[in-house]
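# Notes for the structure review
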Amino acid sequence: MAKSKGNRIQVILECTEHKASGKPGTSRYISTKNKKNTPDRLEIKKFNPILKKMTVHKEIK
């Protein structure tokens, strides 16, 4: 039998600065996190290809 993944869940990270800029499209990344170690929402600096700079991406949903 296959082992279950346990506490690891898949999360979607969305750019916070992109909405305020008014440009079309969205910058999103998919990542995983351990919900036992980090119960709060993730905030990671990632590259936004539309704005062409590093921006803060926050976990949605």
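A few points on the structure. As the structure is a computational prediction, the values presented were derived from the model and not from experiment. (Residues numbered from 1 in each chain as written. Predicted model: local features only at pLDDT ≥ 70, side-chain atom pairs only at ≥ 80, totals over all residues. Heavy atoms only, no water.)

### Here's the deal with the environment of Asp40
Selection criterion: Helix and strand assignments come from DSSP, with helices taken as H or I runs of at least 4 residues and strands as E runs of at least 2, each series counted from the N terminus. Note on contacts: a residue pair qualifies if any of its non-hydrogen atoms lie within 4.5 Å across the two residues.
Structurally, Asp40 can be placed in the loop between β2 (28-34) and β3 (43-48). When the C-alpha positions of Asp40 and Glu14 are compared, they lie 15 Å apart, and in sequence the two are 26 residues distant. Setting aside its immediate chain neighbours within four residues, Asp40 contacts Lys33 and Glu59.

### Structural notes on unusual backbone geometry
Threshold: The rule is simple: take the accessible area with a 1.4 Å probe, protein chains only, and divide by the maximum for that residue type; under 20% is buried, over 50% is exposed, in between is partly exposed.
Non-glycine residue Lys52 carries a positive phi angle of around 60 degrees. Secondary-structure assignment places Lys52 in the loop between β3 and β4 (53-60). According to the relative accessible area criterion, Lys52 is exposed, its value standing at 66%.

Bear in mind that shape data such as this cannot, by itself, settle questions of function.
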